[in-house]
Amino acid sequence: MIGITELKYSNTNTYLIRGENGGILFDTGWAGTYPAFCAALGAGGKKLTDIDYILISHFHPDHMGIAQEIADKGPKILIADLQKGFVHSSDVIFEKDKRIRFEPIVDVNTEVISVEESREFLKKLGVEGEILYTPGHSDDSISLWLDEGYLFVGDLNPLYELELHKGTQIGESWEKLLALKPKKVFYGHAKTAELAEVKSDTIVDYEKNNLQEHTISEKENKDDLFRLVSQIMKYIDKGYSLDRIQRKTGADPEFIEDVNRMYLTHQNVGVQGILDRIEIKNK
């Protein structure tokens, strides 16, 4: 039986997956969140020695920011061979803000494997599953599949948006994943989705019946809403946790989660684009 612990300490969901012989941390948060990570680990009844490897879904700053700080304590960073050219793609982003402590990944201390050999590698940890190449959000995006029916997809766009992505790499990646008939999907910025059993050869909106929709009062001024989203985006850029953003803005936590996910998973999206996508989600 696989043990899964969700760690919420920044604006990115991270997961500790424990097999019989070892553990994998799937993704990390922004640079500067290491103390919060340790606190979240302890709150979940876990410790650093429970982590043997760090697997990063893609090398954007909100997913790899403290990978090396964690690796300095013992765990090894596991890299899919197709990700090698992207490992340092976010370094320049952190270098611009000297107030944030950031440690670049030390290449010589990483372990590189191919997706083809990932099943055998994971088996040594007591984890039955494999790493899959799932481009779309980025060219270095990978997902982790566990044979028990669990998917960890990082920033791959949620299933309820697939109508927007038919015929794209995102749609093709989901077709490959849906063929596995997953039971649960663990996202980087959205709530975990319980999936109903459906035909595997079609892309279906699995999640509509499971979404907790929030509504925006008709009395709310659209300009105020626009400004609120803009403010939330600025706090996300600063690496604030969702709890901290809620305290700063007083906005509904679920609304903040939606803005956070839309902003971090859609390249170059603007305020209106986020509002449009939230409307699509709630239809």
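So, here's what we can say about the structure.

Calculation rules
- Residues numbered from 1 in each chain as written.
- Predicted model: local features only at pLDDT ≥ 70, side-chain atom pairs only at ≥ 80, totals over all residues.
- Heavy atoms only, no water.
- Buried < 20%, exposed > 50% of the residue type's maximum accessible area, 1.4 Å probe, protein only.
- Helix = DSSP H or I, 4+ residues; strand = E, 2+ residues; numbered from the N terminus.
- Pairing = 2+ DSSP bridges.
- Phe/Tyr/Trp six-rings, centres within 6.5 Å; stacked < 30°, edge-to-face > 60°.
- Lys NZ or Arg CZ within 6 Å of the ring centre and 35° of its normal.
- Axes fitted to C-alpha atoms, helices over the stretch in contact; angles between N-to-C directions.
- Contact = heavy atoms within 4.5 Å.
- Right-handed = clockwise from strand over helix to strand, strands pointing away.
- Salt bridge = Lys/Arg side-chain N within 4 Å of Asp/Glu carboxyl O.

On to the pairing of strand β5 (residues 76–80), then. Looking along a regular strand, one sees side chains alternate from face to face of the sheet. Counting buried positions along β5 yields four of five residues, so the element is predominantly enclosed. Here strand β4 (residues 53–55) pairs with β5 via three bridges, running parallel. Across the sheet, Tyr-53 pairs through a bridge with Lys-76, a residue of β5. Pairing between β5 and strand β6 (residues 111–113): three bridges, direction parallel. In the sheet register, Ala-80 faces β6, and the bridge partner there is Ile-113.

Spatial ordering of the open sheet is given by β7-β8-β9-β10-β11, a layout of five strands whose pairing is mixed. Either end of the sheet is taken by a strand with one partner, and the two such strands are β7 (129–133) and β11 (193–194). In this structure, strand β9 (residues 150–154) lies alongside strand β10 (residues 184–187), joined through four bridges in parallel fashion. Within β10, the position partnered with Phe-152 by the bridge is Phe-186.

In this structure the tally under the stated criterion is eleven aromatic pairs. Relative to Phe-152, the ring of Tyr-15 has its centre 5.4 Å away and its plane inclined at 65 degrees; by these criteria the two rings are edge-to-face. Taken together, the residues Tyr-15 in strand β2 (residues 13–18) and Phe-152 in strand β9 connect sequence positions 137 residues apart. Phe-152 carries the same exposure label as Tyr-15, and that label is buried. Between Tyr-34 and Phe-37, the ring centres sit 6.1 Å apart and the planes meet at 35 degrees, which makes this aromatic pair tilted. Of this pair, Tyr-34 and Phe-37 are both found in helix α1 (residues 34–43), three residues apart, which corresponds to roughly one turn of the helix. The class for Phe-37 is buried, based on a relative accessible area of 0%. Here the aromatic cluster, defined as three or more aromatic residues joined through ring pairs, consists of Tyr-15, Phe-26, Tyr-150, Phe-152 and Phe-186. We note Arg-244 situated over the ring of Tyr-240; from NZ or CZ to the ring centre the distance is 3.8 Å.

Quick look at the sheet that holds β6 now. Read from one edge of the open sheet, six strands run β1-β2-β3-β4-β5-β6, paired in mixed fashion. At either margin of the open sheet sits one strand with a lone partner, and together these are β1 (3–8) and β6. Neighbour-to-neighbour, the strand axes of this sheet turn through a mean angle of 25 degrees, independent of strand direction. Alignment of β1 against β2, held across six bridges, turns out to be antiparallel. Bridge pairing in β2 links Leu-7 to Thr-14. The strands that α1 touches are β1, β2 and β3 (23–26); relative to β1, the one it contacts most, it runs at about 140 degrees.

In terms of burial, β9 is a largely internal element, five of the five residues being buried. Burial along β9 is two-sided: the residues Tyr-150, Phe-152 and Gly-154 and Leu-151 and Val-153 are all buried. Here strand β8 (residues 142–146) pairs with β9 via three bridges, running antiparallel. For Leu-146, the partnering residue across the bridge sits in β9 and is Tyr-150. In this fold, the crossover linking β9 to β10 by way of helix α6 (residues 169–178) has right-handed handedness.

Turning to the pattern of salt bridges, a few remarks are in order. Summed over all chains, the structure comprises twelve salt bridges. A salt bridge links Lys-8 to Glu-6, with the nearest nitrogen and oxygen atoms 4.0 Å apart. Each of Glu-69, Arg-101 and Glu-103 takes part in one network of salt bridges that share partners.

Further remarks concern the environment of Gln-83. Secondary-structure assignment places Gln-83 in the loop between β5 and α4 (91–95). Here Gln-83 falls in the buried class, since its relative accessible area comes to 0%. Gln-83 sits 57 residues away from Asp-140 along the chain, and the two C-alpha atoms are 5.1 Å apart. Excluding residues within four positions of it along the chain, Gln-83 makes contact with Ile-56, Ser-57, His-58, Phe-59, Asp-140 and Ile-142.

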